[in-house]
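Now for the letters of each chain:
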Amino acid sequence: MKIVIFGSTGQVGSEIKKKLKNYNLFCPKRSEVNFLNIKKVISYLQCIQPDIIINAAAYTDVSKAQIEKKLCKSINSIIIKKLSIYCKQNKVILLHFSTDYVYDGKSKYKHKENEKLNPKSTYGLSKLLSEKYIINSDCFYIILRTSWVYGGENNFITKINNQIKKNKVFYVVNDQIGSPTPKELLGMITKKLINILRNKHKNRKIQKIFNICPDGYISRYDLAKYIFKQKRYQKKINFFPIKSSQFGKNIRPLNSKLNTNKIKNFLNIDIKDWSIYLNKYLKKI
Ligand SMILES: NC(=O)c1ccc[n+]([C@@H]2O[C@H](COP(=O)([O-])OP(=O)(O)OC[C@H]3O[C@@H](n4cnc5c(N)ncnc54)[C@H](OP(=O)(O)O)[C@@H]3O)[C@@H](O)[C@H]2O)c1
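Keep in mind it's a predicted model, so treat the numbers as computed, not measured.

### A look at helix α2 (residues 38-48)
Point 1. Of all the positions in α2, only V41, I42, Y44, L45 and I48 are classed as buried. The buried residues of α2 occupy one face: seen down the axis, they fall within an arc of 155°. Turned more than 90 degrees off the buried face of α2, the exposed positions are K39 and C47.
Point 2. Just downstream of α2, Q49 is the residue with a positive phi angle, here 55°.

Right, dumping it as structure tokens:
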């Protein structure tokens, strides 16, 4: 079984590449297969003829995307339309990553996969479009919506930690609530899904969307306090709470809480509280 991973140099993609190292993987870098070159992407796939495509490639700079709208849409949406048509025509399964930013975060409940979507940002809209293209193509797919991913070298956890270490004065929003998701959880779940797709022929005809994040939730400000406490910094707290609106127009959902019952039931797994995963990570940074 051949698996192509796009975005294998990114936070999520590199973890999946590691977890699936015993599989027959093809992991082209952006310099080899750029999502801005549709012909190249398709000719690469025609050459490899994969059974499964994992797409962890994306334009992920949420703020910059408000300016580079066209670029964001090309990388996150347009190519996904072509990819999903290719998958439909060639009976290839597409496992695609999406985001909590497809929800508007106005409700106070945990978001369910089947609720109405209403992104607030160019990035969120581009990811919603990618989902729509995949669904409309009628290919076999799994879409994994996740939130607040960390585990790479440069993410919001390392940023907060570095600011604290440098004694910088900074502000953290206290009205955005969600669950920090370690890349390892995404890698573990992806591997389980790939095993199901590989082992049971009937499961190859799959068309499903799942939310994935740890249990529990916290505000970004309380998360900064949590990091401070866990790292036992012996210094004065130099960061302060702020409302998202005080940073200008808020393009991020305030409520990023995700209901993950669907993936738990589908894979028959437990997912731990965010703090258990984060404690491990904080020992490493
Ligand atoms: N990070 C989060 O907090 C978060 C939250 C929710 C959902 N997600 C979703 O999870 C997925 C993975 O995110 P991530 O955090 O791993 O992102 P990331 O670390 O920014 O990695 C993005 C990947 O996409 C590749 N890429 C970017 N532009 C490309 C292009 N034009 N052609 C080909 N490849 C290109 C990058 O290649 P280079 O290494 O060459 O740049 C990199 O491998 C994305 O779908 C994202 O929307 C992320």
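The structure having been displayed, the exposition proceeds.
### What to know about the layout of surface pockets
Left-over empty space is what a probe sized like a water molecule reveals as it rolls over the atoms.
Point 1. Of the pockets and cavities examined, the second largest pocket occupies roughly 230 Å³.
Point 2. For the second largest pocket, the lining is made up of 13 residues, of which P182, E184, L185, Y277 and K280 are closest to its centre.
Point 3. Looking at the lining of the second largest pocket, the elements that each hand over two or more residues are α7 (183-199) and α10 (274-284).
Point 4. With five residues, α10 is the largest single contributor of residues to the lining of the second largest pocket.
Point 5. When its residues are assigned to classes, the lining of the second largest pocket shows eight nonpolar, no polar and five charged.

### Section: empty space enclosed by the protein
Point 1. Scanning the entire structure with this criterion turns up one cavity of 30 Å³ or more.
Point 2. Within this model, the largest cavity holds a volume of roughly 30 Å³.
Point 3. In terms of lining, the largest cavity is formed by Q163, I164, N167, K168, F228, K235, K236, I237, N238 and F239.
Point 4. In terms of residue class, the lining of the largest cavity is made up of four nonpolar, three polar and three charged.

Conventions used here
- Residues numbered from 1 in each chain as written.
- Predicted model: local features only at pLDDT ≥ 70, side-chain atom pairs only at ≥ 80, totals over all residues.
- Heavy atoms only, no water.
- Buried < 20%, exposed > 50% of the residue type's maximum accessible area, 1.4 Å probe, protein only.
- Helix = DSSP H or I, 4+ residues; strand = E, 2+ residues; numbered from the N terminus.
- Arc of directions from axis to C-beta.
- 1 Å grid on protein atoms, 1.4 Å probe; cavity = no way out; pocket = protein on both sides within 12 Å on 5 of 7 lines; lining within 4 Å.
- Points joined across faces, edges and corners; volume = space filled by probe spheres on them.
- Nonpolar A, V, L, I, M, F, W, Y, C, P; charged D, E, K, R; others polar.

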